[in-house]
Amino acid sequence: MPQWTLFENDFRAIDQVLYALLEKTNALSVHLVDRSGQLITTSGRSADFDATAFASLVAADFTANVELSQLMGDASIEAVVNQGKSRTVYSCLLADRVIMCTVFDRRSTLGLVRLRAGRAARELDGVFKNLFEKVGMVEAGRGTSDYAAAAGREVDALFGE
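Residues numbered from 1 in each chain as written. Predicted model: local features only at pLDDT ≥ 70, side-chain atom pairs only at ≥ 80, totals over all residues. Heavy atoms only, no water.

Topic: the packing of aromatic side chains
The criterion, for reference: Two rings belonging to Phe, Tyr or Trp (six-membered ring only in the last case) form a pair when the distance between their centres is within 6.5 Å. Interplanar angles under 30 degrees mark stacking, angles over 60 mark edge-to-face geometry, and anything in between is tilted. Working definition: with a 1.4 Å probe on protein chains only, accessible area under 20% of the residue-type maximum means buried, over 50% means exposed, and in between means partly exposed.
Here the structure, examined in full by the defined rule, presents one aromatic pair. Between Phe49 and Phe54, the ring centres sit 5.1 Å apart and the planes meet at 50°, which makes this aromatic pair tilted. Phe49 gets classed as partly exposed once you look at its relative accessible area, which sits at 23%.

Structure, rendered in C-alpha coordinates:
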(Lines give C-alpha, C1' and ligand atoms only; values in the text may rest on other atoms or scores of the structure.)
Protein backbone atom coordinates (compact mmCIF):
# COMPACT_ATOMS: atom_id res chain seq x y z
CA MET A 1 0.00 0.00 0.00
CA PRO A 2 1.53 3.35 -1.02
CA GLN A 3 2.13 6.07 1.52
CA TRP A 4 0.40 9.33 0.74
CA THR A 5 2.36 12.50 0.18
CA LEU A 6 0.42 15.74 -0.08
CA PHE A 7 2.29 18.87 -1.00
CA GLU A 8 1.26 22.06 0.79
CA ASN A 9 -0.35 23.65 -2.26
CA ASP A 10 -2.24 20.46 -3.08
CA PHE A 11 -3.40 20.08 0.52
CA ARG A 12 -4.67 23.68 0.57
CA ALA A 13 -6.55 23.18 -2.70
CA ILE A 14 -8.09 19.94 -1.43
CA ASP A 15 -8.96 21.45 1.94
CA GLN A 16 -10.68 24.45 0.31
CA VAL A 17 -12.83 22.23 -1.90
CA LEU A 18 -13.80 19.97 1.02
CA TYR A 19 -14.65 22.94 3.24
CA ALA A 20 -16.80 24.48 0.49
CA LEU A 21 -18.58 21.14 0.03
CA LEU A 22 -19.34 21.00 3.75
CA GLU A 23 -20.63 24.56 3.76
CA LYS A 24 -22.78 24.24 0.63
CA THR A 25 -24.39 20.94 1.64
CA ASN A 26 -24.56 21.30 5.42
CA ALA A 27 -22.89 17.88 5.56
CA LEU A 28 -21.38 16.51 8.76
CA SER A 29 -18.04 15.45 7.27
CA VAL A 30 -16.17 14.63 4.09
CA HIS A 31 -13.49 11.94 3.93
CA LEU A 32 -10.97 11.11 1.24
CA VAL A 33 -10.02 7.44 1.19
CA ASP A 34 -7.56 5.59 -1.03
CA ARG A 35 -9.18 2.62 -2.77
CA SER A 36 -6.95 0.35 -0.70
CA GLY A 37 -8.68 1.66 2.45
CA GLN A 38 -6.16 4.20 3.69
CA LEU A 39 -7.65 7.40 5.11
CA ILE A 40 -6.09 10.39 3.34
CA THR A 41 -7.84 13.32 5.03
CA THR A 42 -11.04 14.30 6.78
CA SER A 43 -12.90 17.57 6.95
CA GLY A 44 -15.75 18.29 9.34
CA ARG A 45 -16.68 16.34 12.43
CA SER A 46 -16.13 12.63 12.72
CA ALA A 47 -15.21 12.13 16.36
CA ASP A 48 -18.24 9.90 16.99
CA PHE A 49 -16.91 7.01 14.85
CA ASP A 50 -13.62 5.31 14.06
CA ALA A 51 -12.40 7.06 10.88
CA THR A 52 -9.78 4.37 10.17
CA ALA A 53 -12.36 1.57 10.26
CA PHE A 54 -14.72 3.77 8.24
CA ALA A 55 -12.07 4.20 5.53
CA SER A 56 -11.38 0.46 5.26
CA LEU A 57 -15.07 -0.39 5.09
CA VAL A 58 -15.85 2.36 2.56
CA ALA A 59 -13.08 1.10 0.26
CA ALA A 60 -14.32 -2.48 0.53
CA ASP A 61 -17.93 -1.40 -0.04
CA PHE A 62 -17.05 0.74 -3.05
CA THR A 63 -14.95 -2.02 -4.58
CA ALA A 64 -17.68 -4.60 -4.00
CA ASN A 65 -20.19 -2.32 -5.72
CA VAL A 66 -17.84 -1.85 -8.69
CA GLU A 67 -17.49 -5.62 -9.01
CA LEU A 68 -21.27 -6.09 -8.69
CA SER A 69 -21.85 -3.45 -11.35
CA GLN A 70 -19.45 -5.21 -13.72
CA LEU A 71 -21.14 -8.53 -13.03
CA MET A 72 -24.43 -6.93 -14.06
CA GLY A 73 -22.90 -5.64 -17.30
CA ASP A 74 -22.01 -2.03 -16.45
CA ALA A 75 -18.46 -0.88 -17.04
CA SER A 76 -18.35 1.23 -13.90
CA ILE A 77 -20.38 3.02 -11.27
CA GLU A 78 -20.65 6.70 -10.54
CA ALA A 79 -21.46 6.59 -6.84
CA VAL A 80 -22.38 4.41 -3.89
CA VAL A 81 -25.02 5.52 -1.39
CA ASN A 82 -25.43 4.03 2.08
CA GLN A 83 -28.60 5.37 3.66
CA GLY A 84 -29.09 4.76 7.35
CA LYS A 85 -31.78 5.93 9.76
CA SER A 86 -29.94 9.03 10.89
CA ARG A 87 -27.05 9.45 8.43
CA THR A 88 -26.32 8.87 4.78
CA VAL A 89 -22.95 8.38 3.08
CA TYR A 90 -22.54 9.41 -0.55
CA SER A 91 -19.29 8.09 -2.07
CA CYS A 92 -17.82 8.84 -5.49
CA LEU A 93 -14.50 8.19 -7.18
CA LEU A 94 -11.81 10.79 -7.94
CA ALA A 95 -8.96 10.24 -10.39
CA ASP A 96 -9.70 6.48 -10.52
CA ARG A 97 -8.10 6.01 -7.11
CA VAL A 98 -9.58 8.18 -4.34
CA ILE A 99 -13.05 7.78 -2.87
CA MET A 100 -14.70 10.95 -1.62
CA CYS A 101 -17.31 10.18 1.06
CA THR A 102 -19.76 12.82 2.17
CA VAL A 103 -21.55 12.01 5.43
CA PHE A 104 -24.77 13.94 6.00
CA ASP A 105 -27.96 13.82 8.02
CA ARG A 106 -31.50 15.12 7.59
CA ARG A 107 -30.31 18.71 7.43
CA SER A 108 -29.34 18.01 3.82
CA THR A 109 -30.66 15.95 0.91
CA LEU A 110 -29.14 13.32 -1.33
CA GLY A 111 -29.91 15.46 -4.38
CA LEU A 112 -28.03 18.46 -3.04
CA VAL A 113 -25.09 16.36 -1.86
CA ARG A 114 -24.94 14.55 -5.19
CA LEU A 115 -24.92 17.85 -7.12
CA ARG A 116 -22.32 19.59 -4.95
CA ALA A 117 -20.16 16.47 -4.57
CA GLY A 118 -20.12 16.13 -8.36
CA ARG A 119 -18.80 19.66 -8.69
CA ALA A 120 -16.23 19.09 -5.96
CA ALA A 121 -15.17 15.81 -7.61
CA ARG A 122 -14.50 17.58 -10.91
CA GLU A 123 -12.30 20.12 -9.11
CA LEU A 124 -10.44 17.51 -7.08
CA ASP A 125 -9.99 15.11 -9.99
CA GLY A 126 -7.45 17.43 -11.60
CA VAL A 127 -5.67 18.09 -8.31
CA PHE A 128 -5.21 14.37 -7.68
CA LYS A 129 -4.19 13.52 -11.24
CA ASN A 130 -1.47 16.20 -11.06
CA LEU A 131 -0.42 14.98 -7.63
CA PHE A 132 -0.14 11.39 -8.87
CA GLU A 133 2.05 12.50 -11.74
CA LYS A 134 4.32 14.49 -9.37
CA VAL A 135 4.89 11.55 -7.02
CA GLY A 136 5.06 8.85 -9.69
CA MET A 137 1.84 7.07 -8.69
CA VAL A 138 0.48 6.85 -12.22
CA GLU A 139 -0.02 3.17 -12.97
CA ALA A 140 -1.21 2.00 -16.34
CA GLY A 141 -3.59 -0.92 -16.59
CA ARG A 142 -4.33 -1.47 -12.93
CA GLY A 143 -7.66 -3.30 -12.67
CA THR A 144 -10.35 -3.29 -10.04
CA SER A 145 -9.49 -6.85 -9.02
CA ASP A 146 -6.20 -5.49 -7.57
CA TYR A 147 -8.22 -2.98 -5.61
CA ALA A 148 -10.64 -5.66 -4.45
CA ALA A 149 -7.78 -7.79 -3.17
CA ALA A 150 -6.16 -4.83 -1.38
CA ALA A 151 -9.47 -3.78 0.17
CA GLY A 152 -10.15 -7.34 1.27
CA ARG A 153 -6.77 -7.55 2.98
CA GLU A 154 -7.44 -4.25 4.77
CA VAL A 155 -10.83 -5.41 6.04
CA ASP A 156 -9.35 -8.73 7.19
CA ALA A 157 -6.58 -6.86 9.04
CA LEU A 158 -9.11 -4.52 10.60
CA PHE A 159 -11.11 -7.40 12.07
CA GLY A 160 -8.06 -9.50 12.98
CA GLU A 161 -8.53 -12.28 10.43
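What follows picks up the thread again.
A word on the environment of Val113
Put simply, the test is: Each helix is a run of H or I in the DSSP string that is no shorter than four residues. Each strand is a run of E no shorter than two, and both are numbered from the N terminus.
Positionally, Val113 belongs in helix α3 (residues 110-135). When its relative accessible area of 0% is taken as the criterion, Val113 is described as buried. For the pair Val113 and Val103, spaced 10 residues apart in sequence, the C-alpha separation works out to 9.2 Å.

Remarks on unusual backbone geometry
Residues other than glycine seldom take positive phi values, yet Ala95 does so here, at roughly 50°. Among the secondary structure elements, Ala95 is positioned in the loop between β4 (88-94) and β5 (98-104). Positive phi outside glycine occurs at Asp96, with the angle close to 60°. Structurally, Asp96 can be placed in the loop between β4 and β5.

Things to note about the nonpolar core
We apply this condition: Throughout this description, the term nonpolar core refers to a set of buried Ala, Val, Leu, Ile, Met, Phe, Trp, Tyr and Cys residues connected via side-chain atoms within 4.5 Å. Residue contacts are counted whenever heavy atoms from the two residues lie within 4.5 Å of one another.
Counting residues in each nonpolar core, the largest one holds 25 residues, and the members touching the most others are Leu32, Leu94, Met100, Leu124 and Phe128. Secondary structure elements with two or more residues in this core: α1 (8-25), β1 (29-34), β4, β5 and α3. Looking at which element gives the most residues to this core, the answer is α3, with nine residues. Among residues more than four places away in sequence, those in contact with Leu94 are Leu32, Met100, Ala121, Leu124, Asp125 and Phe128. Ala59, Val66, Val89 and Ile99 belong to the second-largest nonpolar core, a separate cluster that totals 13 residues.

Keep in mind these values describe shape, not function.
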